[in-house]
Amino acid sequence: MTHPAPTAPTAPAPFAHEDAADWYRGAVIYQVYPRSFADSDGDGIGDLAGIRARLPHLRDLGVDAVWISPFYASPQADAGYDVSDYRKVDPVFGDAADAEGLVRDAHELGLRVIFDIVPNHCSEEHEWFQRALAEGPGSASRALFHFHEGRGEAGELPPNDWESIFGGPAWTRVEGGEWYLHLFAPQQPDLNWDNPVVREEFRSVLRFWLDLGVDGFRVDVAHGLVKAPGLPDIGRTGQFGLLGNAPMPFFDQDGVHEIYRDWRRVLEEYPGERVLVAEAWTPTIERSACYVRPDEMHQAFNFTYLATDWDACALREVVDTTLEAMRRVGAPATWVLSNHDVTRHTTRLGNPPGSGTQMVTPGDPVLGLRRARAATLLMLGLPGSAYLYQGEELGLPDVTDLPDEVRADPSFHRAAGQEGFRDGCRVPIPWSGTSQPYGFGPREGDPSWLPQPDAWRELSVEAQTGVAGSTLELYRSALDVRREQPSLGAGDEVEWLDAPDGVLALVRRGEDGAPVVVTTNLTSEEVRLPLPGGLLLASAELAVDGDEAVLPADTTAWWLG
Ligand code: GLC
């Protein structure tokens, strides 16, 4: 494969990489979804210059690092998760200088930067795939993908019974008769990781961005790269959730681990602690822990936690299981409540339990926000690293009533209702002002690629700044307190205290600093608890009555023990 000669960074990005090995263990990492964060040129789509200009917001919020979803060259069939050139910035988002400037500015503000890498599949417009189409069956370029003859007398049936995560068959037939595999949209052909050329190419892509100074990578569909030999049938049809319990011949195959051991060695060629974060939807937390063994990745997203209902027993169990599984491999636990693929937790928690992670109903927005704030303080009180998704610090709900014609998510268009509602969490962020696009674009009246609800005027960064009790100020205070109280976030265990049904009470201890008690009332009634100590922060107003704390429904409080 030929590439334009990579342009060498003009100067190493200024950041003391050497300073803090283990920086990621308790880090709060903020996900930026570039299309929807900030638009510097008024075309309605966010871009790298927009992110750069808004970095001070992230510094003021108090996060440690920023993970940026893909901005590489892409026809945008899956909002950039369909990459046509892994070393190039898509003109929609800017250019190489913007990427370099972004890393530099972030480092100057003390923020680390994690890029997204998409190794399971590329775009149909990637030059490899174009060549594979042109060169036909038996060519070396076809061997970079999974091209196979079909079944049936004339090969008219797909090679096996796998279905795309986005709906429909996971195979598409091309001229000449062969079929190619795509676990996602047909525009996203799966790469063949049995082919050493694919492996070498990705080592080179990692080095390309590491040379620019990035602090790590979030690895897209990390569980999907290796397929079971012979691509066996599953034996049933129908959609399955990403968190399905049954092993699948295309997910979480043991062979993926050798790839990450290899990548770890690449990262270790660089100074400082560069990290790999697995987006691995596995059936159990124990399986996720396999991705973060000492010679593999550094962190894996905890989707089981994200998918857990607002229920004290269920949450306690997932916290314990997570800590136990991660302790065994020496990796930090991670916690997450929202991202660009699921309904925002403000909306999820206002819907009935068991509604899943992708929903169309707004539920009870007042209850949802109240619980979301409590859920966030509980999460930020746990040991390990936490991921925040842009806009959750504003308490944004999912936009559940987007008209079908503006929806861009390929899963919406391919699936009959399942896994199909990801646009609702991708609506551009309101920053300021009283009319659309609320500071997302440079001028009033500029477009935004998805329309923002009028009510978001009240939710902008400007509208919430300095307002006591606003969700933004709650997040800012929470991250402040987390920095001042090193017990929060530290270590790998919690100590549970006795608490009434439906209430969680836990103590956090670190090597430095006083113990902090975290109490969450998940019931719909107020509860009284023995006063755990001095109040540090609470997700809602609460009262102290003599030696008792009166914790209202759906509230978390942090106490200095
Ligand atoms: C990951 C991404 C998601 C994308 C999919 C295919 O799950 O988070 O947005 O659609 O991979 O790349």
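Cut-offs used in this document
- Residues numbered from 1 in each chain as written.
- Predicted model: local features only at pLDDT ≥ 70, side-chain atom pairs only at ≥ 80, totals over all residues.
- Heavy atoms only, no water.
- Pairing = 2+ DSSP bridges.
- Helix = DSSP H or I, 4+ residues; strand = E, 2+ residues; numbered from the N terminus.
- Axes fitted to C-alpha atoms, helices over the stretch in contact; angles between N-to-C directions.
- Contact = heavy atoms within 4.5 Å.
- Phe/Tyr/Trp six-rings, centres within 6.5 Å; stacked < 30°, edge-to-face > 60°.
- Buried < 20%, exposed > 50% of the residue type's maximum accessible area, 1.4 Å probe, protein only.
- Salt bridge = Lys/Arg side-chain N within 4 Å of Asp/Glu carboxyl O.
- Near = heavy atom within 4 Å.
- Polar contact = N/O pair within 3.5 Å; in protein donor to acceptor, adjacent residues only side chain to side chain.
- Areas by Shrake-Rupley, 256 points an atom, 1.4 Å probe, with all protein chains shown as cover.
- 1 Å grid on protein atoms, 1.4 Å probe; cavity = no way out; pocket = protein on both sides within 12 Å on 5 of 7 lines; lining within 4 Å.
- Sits in = over half its atoms within 2 Å of the grid points.
- Nonpolar A, V, L, I, M, F, W, Y, C, P; charged D, E, K, R; others polar.
- Domains from an automatic or database assignment.
- Buried area = accessible area lost by both parts, 1.4 Å probe.

## With respect to the sheet that holds strand E17 (residues 527-530)
Taking strand neighbours across the sheet as the criterion, the three strands line up as E17-E20-E19 in an open arrangement whose pairing is antiparallel. Each edge of the open sheet is held by one strand with a lone partner, namely E17 and strand E19 (543-545). For this sheet, the mean inter-axis angle between neighbouring strands, taken without regard to orientation, is 30 degrees. Bridge analysis of E17 against strand E20 (residues 548-551) gives four bridges, and the strand direction is antiparallel. Residue pairing in the sheet places Leu529 in a bridge with Ala549 of E20.

## Re the sheet that holds strand E2 (residues 65-68)
Spatial ordering of the open sheet is given by E11-E10-E9-E5-E2-E1-E13-E12, a layout of eight strands whose pairing is parallel. A strand with exactly one partner marks an edge of an open sheet, and here the two such strands are strand E11 (299-300) and strand E12 (334-336). Against the sheet, helix H5 (residues 256-267) contacts strand E5 (112-117), strand E9 (216-219) and strand E10 (275-278), and its axis sits at roughly 155 degrees relative to E10.

## Let's talk about the packing of aromatic side chains
A complete count under the given rule lists 28 aromatic pairs for this structure. Taking the centre distance of 5.1 Å and the plane angle of 85 degrees together, the rings of Phe37 and Trp431 count as edge-to-face. Of the two residues, Phe37 is situated in the loop between strand E1 (28-32) and helix H1 (48-61) and Trp431 in the loop between helix H11 (410-414) and helix H12 (461-464); the sequence distance between them amounts to 394 residues. Judged by relative accessible area, which is 0%, Phe37 ranks as buried. Relative to Trp335, the ring of Tyr305 lies with its centre 5.0 Å away and its plane at 70 degrees, an arrangement referred to as edge-to-face. Here the residue Tyr305 occupies a position in helix H7 (residues 303-306), and Trp335 occupies one in strand E12, the gap between them amounting to 30 residues. Relative accessible area serves as the criterion here: at 2%, Tyr305 is assigned to the buried category. Put simply, the rings of Tyr86, Trp193, Phe202, Tyr260, Trp263 and Tyr291 touch in pairs and so form one group of aromatic residues.

## Focus: the environment of Asp43
Tracing the backbone through its elements, the reader meets Asp43 in the loop between E1 and H1. A relative accessible area of 38% places Asp43 in the partly exposed class. Remark: the alpha-carbon pair of Asp43 and Asp64, spanning 21 residues in sequence, is separated by 30 Å. The residues touching Asp43, leaving out its near neighbours within four places in the chain, are Val92 and Pro447.

## Let's talk about the environment of Glu493
Summarising the element assignment, Glu493 is placed in the loop between helix H13 (471-484) and strand E14 (495-496). Spatially, the C-alpha atom of Glu493 lies 8.5 Å from that of Arg327, the residues being 166 residues apart in sequence. Glu493 has contacts with Leu323, Arg327, Pro383 and Arg508, leaving out every residue within four places of it along the chain.

## What about the pattern of salt bridges?
When the charged atoms of two side chains lie near each other, side chains of opposite charge can form a pair. Under the criterion given, the structure shown has 39 salt bridges. We note a salt bridge from Glu127 to Arg131, for which the minimum N-O separation is 3.0 Å. Of this pair, Glu127 and Arg131 both sit in helix H3 (residues 127-135), four residues apart, which is roughly one turn of that helix. Note on Arg131: relative accessible area 30%, which makes it partly exposed. The residue Glu495 makes a salt bridge to Arg509 at a minimum N-O spacing of 2.9 Å. With Glu495 in strand E14 and Arg509 in the loop between strand E15 (503-508) and strand E16 (516-521), this residue pair connects regions lying 14 residues apart in the sequence. In the salt-bridge network here, residues are joined through shared partners; they are Glu200, Arg203, Glu258, Arg261, Asp262, Arg265, Arg293 and Glu296.

## Considering the pairing of E15
The buried fraction of E15 is high, at six of six residues. Here E15 shows two buried faces, one formed by Val503, Ala505 and Val507 and the other by Leu504, Leu506 and Arg508. Here E14 hands over to E15 after six residues, with Gly502 in that stretch at a positive phi of 85 degrees. Bridge count between E15 and E16: six bridges; the pairing is antiparallel. Bridge pairing links Val507 to Val517 in E16.

## Focus on the site of the ligand
Near the ligand there are 14 residues, and of these Asp78, His121, Asp220, Glu279 and Asp341 occur at the shortest range. Between the ligand and Arg218 there is a distance of 2.9 Å, counted from an oxygen atom to a side-chain nitrogen or oxygen. With respect to the ligand, the side chain of Arg422 contributes an N or O atom lying 3.0 Å from an oxygen atom. Calculation on the ligand without its partners gives an accessible area of 310 Å², and the protein chains cover 98% of this total. With respect to the pocket detection grid, the ligand is positioned in the largest cavity. Partitioning the shell around the ligand into residue classes produces four nonpolar, three polar and seven charged.

## Examining the domain arrangement of the protein
Domain assignment breaks the protein into domain 1 (23-122 + 196-475), domain 2 (127-181) and domain 3 (494-560). Using only C-alpha atoms to locate each centre, domain 1 and domain 2 end up separated by 30 Å. Tallying the contact residues gives 27 residues for domain 1 and 19 residues for domain 2. Summing the contributions of domain 1 and of domain 2, the shared interface buries around 1800 Å²; its carbon and sulfur component is 62%. Scanning the region where domain 1 abuts domain 2 turns up one salt bridge. Put simply, Arg151 and Asp233 hold a salt bridge, and the shortest N to O gap is 3.0 Å. Of all elements in the fold, only helix H4 (196-212) and H11 reach the threshold of two or more residues within the side of domain 1 that touches domain 2.

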